[in-house]
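# Topology and contacts: notes
One-letter residues, chain by chain:
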Amino acid sequence: MPTASARPPVARRVVFVDGVRTPFGRARKDGLYAHTRADDLVVKTVRELLRRHPELAPERVDEVAIAATTQQGDQGLTLGRTVGVLAGLPRTVPGYAVDRMCAGAMTAVTNVAATIGIGAQDVAIAGGVEHMGHHPMGFDADPNPRFLSERLVAPDALNMGVTAENLHDRFPALTRDRADAYGAASQAKYAAALAAGQIDPDLVPVALRDPERGWGLATADEPPRPGTTAEGIASLPTPFRPGGRVTAGTSAPLTDGAASCLLAAEDTAAELGLTPRMRLVAFAYAGVEPEIMGVGPVPATRKALDRAGLTIDDIGLFEINEAFAVQVLAFLDAFGIADDDPRVNPYGGAIAVGHPLASSGVRLMTQLARQFEEHPDVRYGLTTMCVGLGQGGTVIWENPHHPEYVATDGGQQ
């Protein structure tokens, strides 16, 4: 019989200390990272976190969780462990790999946050990498034939572009004109954020070696197309369906890149002198019909808001992954938010900067953390994304710069 003293521990508050990413490159033979290993990309981000935080002794890191969607080749071999060793962490620091497709890094974060929250760990590194040039989405996958033979999913559920077209079909208010305008706005917002110095502080340069061009240095994102207009997007072909509505201008490009972040218990952060940039309030994942996977963020957000005791009106900043413009528009319509609401993706999104699948969740978090610093009047923000095969994930965060934020010790932060 358990005794009165054998009670479960009180949940600890978990904070996001910092996040960084590589510049993102186009996934093609002449792209930035065509001759760079995937694991080396994510190692670079882990090393940068340690460099930026000399107050953190490497042996205090309790876990390294790294996500990748296609876990083979230079994205295989239990990435969390191999990345920790390659980054110079002590051999005593364990690690593991994560896969929830596009929400891989988000899941790595929530996994280690939950572990910290119950007191099993104090400090962890979480992140993700996707080298889509080396490992195209779905390459060498072997879906079980039962999916189709037993009609468990629709035949088009395994093609993400077709699922975006399905959203246009399912919700007639999600027109191509709206999607085209949203795609152009993403490019414009990213260009403005870059000019304002809001992108570069979170990037870690990556040394490059090309057999033909020699040595180089990646310091900027490769995918953005400044000057894109809705009229230009309207002229693009629709590769997923003849006469369709989804184009390259309203889709995230195939991308190579990595991102990592540092998480800690709030009391441990105070002990070590680590300054929190966000506090994790609640998170949730939800499943939807795979053929309309883009609506996944809607039930995931409702579930997370319910767990947090908040409403959508309490959220002052939204970082929504832009796998496709129509997917973001479906989320906005579900919650009565205007297409051009300034709270949504203030720095632009994946349509402009790219979407290296399993790493994008930490990019969203890192951008939200910087926006919190710019907007101390905003108390809560969220990061959310759709996931292939019909899922969505949402994490709600609190801004430590807000006047009503109270630290664990009971004092005003």
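Model, not experiment: these values are computed from the prediction. (Residues numbered from 1 in each chain as written. Predicted model: local features only at pLDDT ≥ 70, side-chain atom pairs only at ≥ 80, totals over all residues. Heavy atoms only, no water.)

## Description of the UniProt feature "active site" (unreviewed entry) in the protein chain
This is how it is decided: UniProt positions are given in the numbering used here, feature names are shortened, and annotations may be inferred rather than shown by experiment. In DSSP terms, a helix is any run of H or I states spanning at least four residues, a strand is any run of E spanning at least two, and both are numbered starting from the N terminus. Contacts are residue-level and defined by heavy atoms, with any inter-residue pair within 4.5 Å sufficient. Partly exposed residues are those whose accessible area sits between 20% and 50% of the maximum for their type, while under 20% is buried and over 50% is exposed, using a 1.4 Å probe and protein chains only.
The UniProt entry lists Cys102, His355 and Cys386 under the feature "active site" (unreviewed entry), expressed in the numbering used here. Sequence-wise these annotated residues cover 285 residues; spatially they are packed, their C-alpha atoms never more than 11.9 Å apart. Examined against the element boundaries, Cys102 turns out to sit in the loop between β4 (95-98) and α3 (104-117). Those residues in contact with Cys102 that lie beyond four places of it in its chain are Thr69, His355, Leu357, Ala358, Met385, Cys386 and Val387. Inspection of the secondary structure puts Cys386 in strand β11 (residues 380-387). Judged by relative accessible area, which is 1%, Cys386 ranks as buried. With residues up to four places along the chain from it excluded, the contact list for Cys386 reads Cys102, Met293, Gly294, Pro297, Ala323, Gln327, Gln391 and Gly392.

## Regarding the environment of Ala325
Assignment of secondary structure puts Ala325 in helix α10 (residues 325-334). Since its relative accessible area comes to 0%, Ala325 is described here as buried. Separated by 31 residues in sequence, Ala325 and Gly294 have C-alpha atoms that sit 9.7 Å apart. Ala325 has contacts with Ala179, Tyr182, Thr250 and Ile351, leaving out every residue within four places of it along the chain.

## Quick look at empty space enclosed by the protein
To keep it simple, the criterion reads: Put simply, the grid is 1 Å and covers the protein atoms alone, a cavity is a trapped set of points that fit a 1.4 Å probe, a pocket is an open set with protein on both sides within 12 Å along at least five of seven lines, and lining residues have an atom within 4 Å of a point. Grid points are joined across faces, edges and corners, and a volume is the space filled by probe spheres set on the points. For this classification, Asp, Glu, Lys and Arg are treated as charged, while Ala, Val, Leu, Ile, Met, Phe, Trp, Tyr, Cys and Pro are nonpolar and the rest, including Gly, are polar.
Summed over all chains, the structure comprises one cavity of 30 Å³ or more. Its boundaries defined by the atoms lining it, the largest cavity holds a volume of some 50 Å³. Lining the largest cavity are Arg21, Gln198, Ile199, Asp202, Leu203, Tyr347, Arg363, Thr366 and Gln367. Split into classes, the residues belonging to the lining of the largest cavity amount to three nonpolar, three polar and three charged.

## Concerning the nonpolar core
Put simply, the rule reads: Side-chain atoms within 4.5 Å link the members of a nonpolar core, which is a set of buried Ala, Val, Leu, Ile, Met, Phe, Trp, Tyr and Cys residues.
Residues Phe16, Val109, Leu263, Met278, Met365 and Trp397 are the most contacted members of the largest nonpolar core, which totals 38 residues. For this core, the leading source of residues is α3, giving seven residues. With near-sequence residues (within four places) excluded, Leu263 lies in contact with Val15, Phe16, Val109, Val112, Ile116, Asp122, Val123, Ala124 and Ala126.

## Observations regarding α10
In terms of residue burial, α10 counts as a mostly covered element, since eight of its 10 residues are buried. Turning to α10, its buried residues are Ala325, Val326, Gln327, Val328, Leu329, Ala330, Phe331 and Leu332. Packed against the buried residues of α10 are α5 (160-170), α6 (176-195), α9 (297-308), β10 (315-320), α11 (350-353) and β11. Within two residues after α10, Gly336 carries a phi angle of roughly 65 degrees, on the positive side.

## Things to note about the pairing of strand β5 (residues 123-131)
Applicable threshold: Any two strands between which DSSP finds at least two bridges are classified as paired.
The buried fraction of β5 amounts to nine of the nine residues, a majority that puts the element mostly inside the structure. As defined by bridge partners, strand β3 (residues 63-67) adjoins β5 across five bridges and the pair is classed as parallel. Its bridge partner lying in β5, Val64 is registered against Ile125. Alignment of β5 against strand β8 (residues 255-265), held across nine bridges, turns out to be antiparallel. Opposite Val123, over in β8, you have Ala264 as the bridge partner.

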